[in-house]
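Commentary on secondary and tertiary structure
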There are 2 protein chains.
Amino acid sequence: MATETLITGELKRTIDDRYRLTLPPEMAKAVTDENGKTVMVKERAGCVSLWRAADWQKRLDDGIAIIQQKISAGRMEERWSEVQRLGRLLSTRSRDIQLANRSRVLVPEGFREFLNVQPGGEVMIVGAAICIEIWNPTNWLELLQTEMPEFSPLFKDLSG
Amino acid sequence: MATETLITGELKRTIDDRYRLTLPPEMAKAVTDENGKTVMVKERAGCVSLWRAADWQKRLDDGIAIIQQKISAGRMEERWSEVQRLGRLLSTRSRDIQLANRSRVLVPEGFREFLNVQPGGEVMIVGAAICIEIWNPTNWLELLQTEMPEFSPLFKDLSG
DNA sequence: GATCATTTTGGGTTGGTTACCCACATCACA
DNA sequence: TGTGATGTGGGTAACCAACCCAAAATGATC
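In this text the structure is predicted, and so the values were computed from the model without any measurement.

Focus on the side chain of Arg112 of chain A
Residue and element names in this part refer to chain A. As for its position among the elements, Arg112 is in helix H4 (residues 111-115). Separated by 2.8 Å, the side chain of Arg112 and the backbone oxygen of Val107 make a polar contact. If near-sequence neighbours (up to four positions away) are discounted, Arg112 is found in contact with Tyr19, Leu106, Val107 and Val117.

Here it is, written out as structure tokens:
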């Protein structure tokens, strides 16, 4: 893994009329790999995340290789519909992007609806330890209200 | 199976006034077999898929073989009406098409209503590993929101 | 508090791509 | 053979993302 320190921080940003937003430089650096690549991922409605492309790809590649192997070995004949479903999700789930000027993100087509933001709208940018999340403010607030009570026990659990 | 790499990618396209849409060249190639044939299939309301004709035929044959096996094994005695229904569905389910110039697809009569698009309307084009799917945007967003959380378990299952 | 450095925002330009449009081919049917 | 509906081909204008740069805002330093 490439990042030594956990990514943290929470801030509000507005999305440009061209669907752009700027990240703080440290965050931008944290999600950019040595080739300058980043991946944007759909997490849940109202939330997308950013990862170093290399890290993200590594997580997937092994699994995909196995699946491809199984396909060519004829071991998926009974499970085409599941393969199809996975492929479908795989396609939408993530997209390679590149930060302009080392810090500006263009939210691509397809992620805009998922995030449910319009030009000029606001989003929350949240460090999530191993990645950065971009939240629709409404969904973020919801999450906060439901999950904040769980913070203390979770923190104790993970740090204990 | 003919494709070595899983088909992925997601993009939005508009249907032109004559019910045509343009595929990206790589996608077009991925669903065209050595004879230049493609098959369009009705998946579910709001979604049709495109296959290399050869692959689709093979899938169909395999499925039919299994059913015939069951029939001759006497395991369909109670289910004739279902078999009959299947036969009926098979005939409307798919249609041979051919990609025109500029890798353009003409959505044929009968598939238009199924997709529920009108000329000038938009669709999502989604790589689904072994085929390409064309979605009505509304249905697509719905599916996305409900099924995205299932990605991880499905991925683990198929790659395990 | 003034100056400088850094970050953020806004917008101009450009090149590649798409979608809109029209012209022609084909077919069915009168 | 004419007419209208449908499929096919391709030109072109409009759009958008990538790449700029400049102004504004913010923060740091003396």
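Examining the protein's contact with DNA strand D
By nearness alone, every residue bordering DNA strand D is listed as Arg18, Asn101, Leu106 and Arg112 of chain A together with Arg18, Arg20, Ala100, Asn101, Arg102, Arg104, Leu106 and Arg112 of chain B. When the atoms of DNA strand D within 4 Å of the protein are grouped by moiety, sugar and phosphate amount to 46% of the total. Separating a phosphate oxygen of DNA strand D from a side-chain N or O atom of Arg112 of chain A is a distance of 3.2 Å. In terms of residue class, the surface near DNA strand D is made up of three nonpolar, two polar and seven charged.

Observations regarding the confidence of the model for chain A
Averaged over all residues, the pLDDT of chain A equals 90, while 96% of them reach at least 70. Element-level mean pLDDT values for chain A span from 73 in helix H6 (residues 151-159) of chain A up to 97 in strand S6 (residues 104-106) of chain A.

Considering helix H2 (residues 53-72) of chain A
The terminal C-alpha atoms of H2 of chain A lie 27 Å apart, and with 20 residues this matches the ideal 28 Å at 1.5 Å per residue to within 8%. Within H2 of chain A the residues assigned to the buried category are Ala53, Asp55, Trp56, Leu60, Gly63, Ile64, Ile67, Lys70 and Ile71 of chain A. The secondary structure elements touched by the buried residues of H2 of chain A are strand S3 (38-44), strand S4 (47-52), helix H3 (80-93) and strand S5 (94-97) of chain A together with helix H6 (151-159) of chain B. Trailing H2 of chain A by a residue or two, Gly74 of chain A shows a phi angle of about 75 degrees, which is positive.

How each quantity is defined
Think of each chain on its own: its residues are numbered from 1, step by step along the sequence as written. Here chains are named by letter from A upward and ligands by number from 1 upward, in the order in which they appear as written. Only residues with pLDDT of at least 70 are given local features in this predicted model, and only at 80 or more are side-chain atom pairs given and counted; all residues enter the totals for whole chains, interfaces and linings. Side-chain measures were taken over the full set of non-hydrogen atoms in the model, leaving aside hydrogen atoms and water. Think of it this way: any DSSP run of H or I at least four residues long counts as a helix, any run of E at least two long counts as a strand, and we number them from the N terminus. Residues adjacent in sequence count toward polar contacts only when both atoms are side-chain atoms; beyond that, a polar contact is any pair of N or O atoms within 3.5 Å, and within protein one must be able to donate a hydrogen and the other to accept it. Whether two residues touch is decided by their heavy atoms; if any such pair falls within 4.5 Å, the residues are in contact. Put simply, a residue is near a molecule or strand once any heavy atom of it comes within 4 Å of that molecule or strand. Residue type decides the class: Asp, Glu, Lys and Arg count as charged, Ala, Val, Leu, Ile, Met, Phe, Trp, Tyr, Cys and Pro as nonpolar, and the leftover types, Gly among them, as polar. As a per-residue measure, pLDDT reflects the predictor's confidence and takes values from 0 up to 100. For a helix, the expected span equals 1.5 Å multiplied by the number of residues minus one. Each residue's exposure class comes from its accessible area (1.4 Å probe, protein chains only) as a fraction of the maximum for that residue type: buried when under 20%, exposed when over 50%, partly exposed otherwise.

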